[in-house]
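# Commentary on secondary and tertiary structure
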Amino acid sequence: MNFAGKTAISTGAASGMGLLFAQNFATLGGNVVMCDVNEAVLKEKAAEINAAGNGKAIAVLCDVTDYKQVCMARDATVEAFGRIDVVANFAGGYGRRMKKVDSGLDFTEVPIEIFDWSLDLNLKGPFYFAHAVLKQMKEQNSGLIINIGSITGMEGSGHGMDYPVAKTGIMFGLTKSVAQYGEGKGIRSVCISPGPVLTRDNMANMRTLLGRAADPQEIIDLCLFVASEKGQFINGENIMIDGGRNAMGRWI
């Protein structure tokens, strides 16, 4: 796979899979625009990519829940590289964990502001990016939006309903709708939905038919394949990469 001359925006790119995608895309010759709210770490990681001497990277401070900042990230990308070939929406996470809400609290006892923030991050963030970049992609007559779903979008969660609601929305509603918009415009939309991934140690406790959690690189390899010339016929689809967890009986 070779991404020379291609440009990708990666959100949540200061750490985790957002960072890993940016590193891999640049290693394969592409340019990356790294978006995150952690500006200091973001600049450090972008500098490391540039020092490696493959693709180029720029760091853009961007809170994906703020549409104005999303548009600024889009404009910075076009100004720096002239085009947007891929948007990879990695920014997201389980609201209760990220906001350090007591795990013992019943769903009804969690302040609604926590769930508002989580829905903004996990659902509206990818929606904002789609709205912001599709005009540019239409003008190019090419482009790909990669959404990141979750096995939780298939399973649901009575503990934190915001997360599966958001993930189901992007896995099916957003991904299919953007693909439909892209008909005749050279634009594709694909959702990659992992099961447990070893971005956190406790993910190893989630069961799969393969008896393990995924290495983050396994998820990124699929994203890269979809973005490459080898994956051009994949469109409008949610792809589960979950070690068979979704195939397990619901009593497990």
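Given the structure is predicted, the values throughout are model-derived calculations rather than measurements.

Moving on to the overall build of the protein. Along the backbone of the protein there are eight helices and seven strands. Here the C-alpha atoms of the protein give a radius of gyration of 17 Å, agreeing with the 18 Å that 2.2 N^0.38 yields for 252 residues. Its C-alpha atoms put the protein at 50 × 35 × 35 Å along the principal axes. Counting every position in the protein, which comprises 252 residues, the buried fraction comes to 48%. At a minimum sequence separation of 6, the contacts of the protein that also span at least 24 residues come to 68%. Taken as two groups, the 24 positive and 26 negative side-chain charges of the protein have centres that lie 4 Å from each other.

Another aspect to go through is the nonpolar core. Ranked by internal contacts, the top residues of the largest apolar core, which has 34 residues, are Phe-21, Met-34, Ile-146 and Ile-192. Elements represented by at least two residues in this core include exactly α1 (16-27), β2 (31-36), α2 (39-52), β4 (86-89), β5 (143-148), β6 (187-194) and α8 (216-227). With near-sequence residues (within four places) excluded, Ile-192 lies in contact with Ile-146, Asn-147, Ile-148, Gly-149, Ile-219, Leu-222, Cys-223, Val-226, Ile-239 and Ile-241. Membership of the second largest hydrophobic core comes to 25 residues, among which are Val-64, Ile-84, Val-87 and Ile-145.

A few words on helix α5 (residues 112-140). The end-to-end C-alpha distance of α5 is 41 Å, a good match for the 42 Å that 29 residues give at a rise of 1.5 Å each. At Lys-124, α5 shows its strongest bend, of approximately 45°, with the proline Pro-126 following within four residues. Positive phi appears at Asn-141, one or two residues downstream of α5, with a value of about 65°.

A few words now on the layout of surface pockets. Space inside the largest pocket adds up to approximately 1300 Å³. In terms of residue count, the dominant contributor to the lining of the largest pocket is α1 (three residues). By volume, the second largest pocket is sized at about 280 Å³. Along the wall of the second largest pocket there are 17 residues; nearest its centre are Lys-6, Arg-188, Ala-227, Glu-229 and Gln-232. Classifying every residue of the lining of the second largest pocket gives seven nonpolar, six polar and four charged.

With that settled, consider the pairing of strand β1 (residues 7-11). The buried count for β1 comes to five of five residues, which makes it a mostly enclosed element. Of the two faces of β1, the one carrying Thr-7, Ile-9 and Thr-11 and the one carrying Ala-8 and Ser-10 are both buried. Where β1 lies against β2, five bridges are found, and the strand directions are parallel. Residue pairing across strands places Ala-8 opposite Val-32, the latter belonging to β2.

Two elements, β2 and strand β3 (residues 57-61), share five bridges in a ladder whose sense is parallel. The partner of Val-33 across the bridge, within β3, is Ile-58. Taken together, β2, α2 and β3 constitute a β-α-β crossover, and its handedness is right-handed.

Let's shift gears to the environment of Gly-93. Mapping Gly-93 onto the fold places it in the loop between β4 and α4 (95-98). The exposure class assigned to Gly-93 is buried, which follows from its relative accessible area of 5%. Sequence separation between Gly-93 and Leu-144 is 51 residues; the distance between their C-alpha atoms is 22 Å. Residues contacting Gly-93, with those up to four places away along its chain left out, are Met-98, Ser-118, Leu-121, Asn-122 and Tyr-163.

So, about the side chain of Asn-24. Of note, Asn-24 is situated in helix α1. Residue classification places Asn-24 among the buried residues on the basis of a relative accessible area of 17%. Beyond its immediate sequence surroundings of up to four residues, Asn-24 is in contact with Gln-217, Ile-220 and Leu-224.

Moving on, we get to the packing of aromatic side chains. Counting across every chain of the model gives six aromatic pairs. An angle of 70° between the planes, with centres 5.4 Å apart, marks the rings of Tyr-67 and Tyr-128 as edge-to-face. Residue Tyr-67 is located in helix α3 (residues 67-81), and its partner Tyr-128 is located in helix α5; the two are separated by 61 residues in the primary sequence. Here the aromatic rings of Phe-107 and Phe-115 are separated by 5.0 Å at their centres, their planes lie at 35°, and the arrangement is tilted. With a relative accessible area of 25%, Phe-107 lands in the partly exposed category. Through successive ring pairs, a cluster of aromatic residues spans Phe-3, Phe-21, Phe-25 and Phe-90. Taking the ring centre of Tyr-181 as reference, the NZ or CZ of Lys-185 above it sits at 4.4 Å.

Thresholds applied
Residues numbered from 1 in each chain as written. Predicted model: local features only at pLDDT ≥ 70, side-chain atom pairs only at ≥ 80, totals over all residues. Heavy atoms only, no water. Helix = DSSP H or I, 4+ residues; strand = E, 2+ residues; numbered from the N terminus. Rg over C-alpha atoms; globule rule 2.2 N^0.38 Å. Buried < 20%, exposed > 50% of the residue type's maximum accessible area, 1.4 Å probe, protein only. Contact = heavy atoms within 4.5 Å. Lys, Arg positive; Asp, Glu negative; His and termini not counted. Charge placed at Lys NZ, Arg CZ, Asp CG, Glu CD. Core = buried A, V, L, I, M, F, W, Y, C linked by side-chain atoms within 4.5 Å. Expected span 1.5 Å × (residues − 1). Bend = angle between axes of the 7 residues up to and from the residue. 1 Å grid on protein atoms, 1.4 Å probe; cavity = no way out; pocket = protein on both sides within 12 Å on 5 of 7 lines; lining within 4 Å. Points joined across faces, edges and corners; volume = space filled by probe spheres on them. Nonpolar A, V, L, I, M, F, W, Y, C, P; charged D, E, K, R; others polar. Pairing = 2+ DSSP bridges. Right-handed = clockwise from strand over helix to strand, strands pointing away. Phe/Tyr/Trp six-rings, centres within 6.5 Å; stacked < 30°, edge-to-face > 60°. Lys NZ or Arg CZ within 6 Å of the ring centre and 35° of its normal.

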